[in-house]
Amino acid sequence: MPTIEELQQISTQVRRDIIRMVNGAASGHPGGSLGVADFLTVLYFEIMRPDAAAFDMDGKQEDLFFLSNGHLAPAWYSVMARYGFFPVHELGTLRKLGSRLQGHPSPMDKLPGIRIASGSLGQGLSVSIGAAIAKKMNGDPHLIYTLCGDGELQEGQNWEALMFAPARKVDNLVAVVDYNGKQIDGPVDKVMPLGNLRAKFEAFGWEVTDMDGNNTREVLSVLNTVKTRTGKGKPNMIIMHTHMGCGVDFMMDNHEWHGVPPNNEQAAKALSQLQETLGDY
Amino acid sequence: MKEYTNSGSKDTRSGFGEAMHELGKTNPAVVVLCADLTPSMKLEAFAKDFPERFIQTGIAEANMICIAAGLTIGGKIPFTGTFANFSTGRVYDQIRQSVAYSDKNVKICASHAGITLGEDGATHQNMEDLGMMKMLPNMTVINPCDFNQTKAATLAIAQHKGPVYLRFGRPKVPNFTAPGQKFEIGKALVLNEGKDVSIFATGHLVWKALEACRLLEEQGISSEVIDIHTIKPLDEEAVLASVHKTGCVVTAEEHEMNGGLGDSIAQLLARKCPVPVEMVAVNDSFGESGTPEELLRKFGLDTPDVLKAVKAVLVRKRS
């Protein structure tokens, strides 16, 4: 099992990967990707620990993860490659013609680790509910994890899913909202305020936990705690507080880095703030 | 012509409901999702006998489609049930991304399709669904013609791996194909062999095409009637074989001309065998309230309309 320091080294390398990938592709979404690097690292390397070599579509007898806000693909691809789902050097193909690393995740090109497409927002929570119900029907005790964006909650379908999961006691589901407060057009509170999210989720019948998503130690401890709250009749929701652009000072908390790649100069500046820990691809 | 007898009119949706109950008994992977239309979809028997595999989603079709996509991850074969209108346009993006692009084994089962939904009117009379669904890569699109064929098609799609759109309807219509038939996805059925004109029909209009065939025979015109129950993949070989023989085509469907069966056939013929084509379909118009038979007449989808189209295409063929 990796130590906290080792997990932090992985997420630092993941951040380097993200910067290099979107710079190399000259397009992509660095801001949100940097924000969820710590969470995805802990989830894969410590909480789920999937058998990458044995990847198959059905994913029976293991925990599964679904990324609803597919534009965070750079972070997910990097974590999966670093974990061992596919060769690290493939990260350099992001968004390029013929690559398995599509701009938004897709199972079409059979990239190990991906089970469904995402990108058009608002669908992942429902998909995760379906996968969670399948696990229950199969008598499989493993969990479903899913991540969606805070701005993404403006999509109405999420609220259909939020109503459904508690009503049908989908208690093997852990949903995480990346609450960085930023979306393309500006602060979420200006574009379309979400109001009191905790109160809303609780009113719908979810077990709600807050978490600092950029603190590896806290992510690890909260995810382990939430695990103990599964199987008790309620679905679990984590409001994960993160910083868009976390790890790069000039990107941090700035919504303008949602979907803009750094140019070469900016990338060099960003990389100077992120130590190469595992070796660049 | 070959004789077809109506063994007693029945609604195609009941064929679907019967097949689902059978699948409940025979295939433990089959799961049904329904968005608050259980009686209309004829899913009561499944819901009663297999409650652990029946998921009521409430009036939330987007959620339903994506839950179905998720269920396939874990090996389930989900069938979603709601009206054609709420099975397509309302959830197009969900189907596009989570089902078609992701190539998930979801069966989207749509009742109350077309103008024969009747009295509820244009809000519910979806006549664009075949077009929307056939445009999606990976999607198989099926539109059976009667109770027996709908039942057989429902059983067949459970065996087929991949996304399917299955379309059927509300009214009682003649039941004339064989009970217990084997349904082959993508295989057109020649119901009557003829030499003067090919009539390609789908869904409720297949019976109208057979009625027209009978009347044409009395007038000395030999028509070949082909049931195209699978809109996609289209049985190109069967279409071309018939057209090479007859040299002209009438298509008949309860759908918009844009995007329907006629559109698929014309596209094929333009590339492979250009011949005169007339289309019996709705011409860029929404429906309205009325009885199914009144509406078929008013919107030009009745037996006399097929006859008229055959006459017109024969004139074009001769010139």
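Visitor: Please explain the overall build of chain A as it appears in this structure.
Guide: In terms of regular secondary structure, chain A is built from 10 helices and seven strands. Its C-alpha atoms give chain A a radius of gyration of 17 Å, near enough to 19 Å, the size a compact globule of 281 residues would have. Projected onto its principal axes, the C-alpha coordinates of chain A cover approximately 50 × 45 × 35 Å. Each of the 281 residues in chain A was classed as buried or not, and the buried ones make up 57%.

Visitor: How should the domain arrangement of chain B be read in this particular structure?
Guide: Interfaces are often sized by the accessible area lost when the parts come together. Residues and elements named next belong to chain B. Once the domains are mapped, chain B shows domain 1 (10–173) and domain 2 (189–313). Look at where the C-alpha atoms of domain 1 and domain 2 centre, and you get two points 25 Å apart. On the side of domain 2, 33 residues touch domain 1, which itself brings 32 residues to the contact. The contact between domain 1 and domain 2 buries some 2,300 Å² in all, and 58% of this surface belongs to carbon and sulfur atoms. Among the residues domain 1 hides against domain 2, the three largest losses belong to I115, M127 and K134. Together they make up 28% of the total. Where domain 1 touches domain 2, the interface holds one salt bridge. Two residues, K134 and D263, come together in a salt bridge whose shortest N-O distance is 3.1 Å. Between the two partners, domain 1 and domain 2, sit 26 residue pairs in polar contact (both at pLDDT 80 or more). At the level of secondary structure, the elements contributing two or more residues to the side of domain 1 that touches domain 2 comprise α6 (129–134) and β6 (140–142). For the side of domain 1 that touches domain 2, the element with the most residues is α6, which contributes four residues.

Visitor: How should I be thinking about the interface of chain B and chain A in this particular structure?
Guide: Each partner contributes residues to the interface: chain B has 28 residues there, and chain A has 30 residues. Approximately 2,200 Å² of surface area, both sides summed, lies buried where chain B meets chain A, with 57% of it carried by carbon and sulfur atoms. Among the residues of chain B in contact with chain A, B:I73, B:Q97 and B:Y101 are the three that bury the most area, contributing 28% of the side total. The interface formed by chain B and chain A contains zero salt bridges. Those elements that place two or more of their residues in the side of chain B that touches chain A are β3 (54–56), α3 (61–72) and α5 (92–101) of chain B.

Visitor: Before we go on, may I ask you to explain the sheet that holds strand β2 (residues 144–149) of chain A in this structure?
Guide: Strand pairing in a sheet relies on backbone hydrogen bonds, with the paired strands running either antiparallel or parallel. Residues and elements named next belong to chain A. As summarised here, the arrangement of the five strands in space is β1-β2-β3-β7-β6, forming an open sheet in which the pairing is parallel. Bordering the open sheet on either side are β1 (64–67) and β6 (207–212), each of which pairs with just one other strand. If you compare each strand with its neighbour and ignore which way they point, the axes differ by 20 degrees on average. Contacts between helix α3 (residues 37–48) and the sheet are confined to β1, β2, β3 (173–179), β6 and β7 (236–241), with β1 contributing the most and set at about 165 degrees to the helix.

Visitor: Help me understand the nonpolar core in this model?
Guide: A general tendency of soluble globular proteins is for nonpolar side chains to be buried together. If you look at the biggest cluster of nonpolar residues, it comprises 75 residues, and the most contacted ones within it are A:F201 and A:W206. Ranked by residue count, the leading element in this core is α3(B), at eight residues. Split by domain, the residues of this core number at least three in each of domain 1 (10–173) and domain 2 (189–313) of chain B. Formed by 58 residues, the second largest nonpolar core is a distinct cluster that contains A:F39, A:L91, A:M240 and A:A267.

Visitor: Just to check I follow, could you spell out the sheet that holds β3(B) for this structure?
Guide: All names here are of chain B. In spatial order, the strands read β3-β2-β4-β5-β7-β6-β12; together these seven strands make up an open sheet with mixed pairing. Each edge of the open sheet is held by one strand with a lone partner, namely β3 and β12 (230–232). Each neighbouring strand pair of the sheet contributes to a mean axis angle of 20 degrees, computed without reference to strand direction. Looking at chain direction, β6 and β12 are connected through two bridges and run antiparallel. Across the sheet, the residue bridging to I142 is T230, located in β12. Packed on one face of the sheet, α3 meets β2 (30–34), β3, β4 (77–83) and β5 (107–111) and runs near 165 degrees to β4.

Visitor: When you look at the packing of aromatic side chains in this model, what are you seeing that I'm missing?
Guide: The full count for this structure, using the stated rule, is 15 aromatic pairs over all chains. The rings of A:Y44, A:F45, A:F55, A:F65, A:W76, A:Y83 and A:F85 are connected pair by pair, giving a single aromatic cluster. We note A:R168 situated over the ring of A:F164; from NZ or CZ to the ring centre the distance is 5.7 Å. Lying across the ring of B:F147, B:K10 places its NZ or CZ 3.9 Å from the centre.

Visitor: Please clarify how the pairing of strand β13 (residues 249–256) of chain B should be interpreted in this entry.
Guide: Where a strand is regular, its side chains alternate between the two sheet faces. Residues and elements named next belong to chain B. Counting buried positions along β13 gives eight out of eight residues, so the element sits mostly inside the fold. Pairing of β13 with strand β14 (residues 277–282) involves five bridges; the strand directions are parallel. Residue pairing in the sheet places V249 in a bridge with V277 of β14. The β-α-β motif built from β13, the intervening helix α10 (residues 261–272) and the parallel element β14 has right-handed crossover chirality.

Visitor: How should the environment of B:D235 be read in this particular structure?
Guide: Residues and elements named next belong to chain B. Within the secondary structure, D235 sits in the loop between β12 and α9 (236–246). With 30 residues separating them in the primary sequence, D235 and I265 have C-alpha atoms 9.8 Å apart. With sequence-adjacent residues up to four places away left out, D235 is seen in contact with G186, K187 and A188. A distance of 2.8 Å separates a polar side-chain atom of D235 from the backbone nitrogen of A188.

Visitor: So what exactly am I meant to see when it comes to helix α10 (residues 264–272) of chain A here?
Guide: Given 3.6 residues per turn, any residue in an α-helix points the same way as the ones three and four places further on. All names here are of chain A. Restricting attention to buried positions, one finds in α10 the residues A267, A270 and L271. Around the axis of α10, the buried residues are gathered within 95 degrees of arc, so they sit on the same side. Of the residues in α10, the exposed ones pointing more than 90 degrees away from the buried face are E265 and S272. With a side-chain oxygen lying 3.2 Å from the backbone nitrogen of E265, the N-terminal cap of α10 falls on N263.

Each value, and the rule that gives it
- Residues numbered from 1 in each chain as written.
- Chains lettered and ligands numbered in written order.
- Predicted model: local features only at pLDDT ≥ 70, side-chain atom pairs only at ≥ 80, totals over all residues.
- Heavy atoms only, no water.
- Helix = DSSP H or I, 4+ residues; strand = E, 2+ residues; numbered from the N terminus.
- Rg over C-alpha atoms; globule rule 2.2 N^0.38 Å.
- Buried < 20%, exposed > 50% of the residue type's maximum accessible area, 1.4 Å probe, protein only.
- Domains from an automatic or database assignment.
- Contact = heavy atoms within 4.5 Å.
- Buried area = accessible area lost by both parts, 1.4 Å probe.
- Salt bridge = Lys/Arg side-chain N within 4 Å of Asp/Glu carboxyl O.
- Polar contact = N/O pair within 3.5 Å; in protein donor to acceptor, adjacent residues only side chain to side chain.
- Pairing = 2+ DSSP bridges.
- Axes fitted to C-alpha atoms, helices over the stretch in contact; angles between N-to-C directions.
- Core = buried A, V, L, I, M, F, W, Y, C linked by side-chain atoms within 4.5 Å.
- Phe/Tyr/Trp six-rings, centres within 6.5 Å; stacked < 30°, edge-to-face > 60°.
- Lys NZ or Arg CZ within 6 Å of the ring centre and 35° of its normal.
- Right-handed = clockwise from strand over helix to strand, strands pointing away.
- Arc of directions from axis to C-beta.

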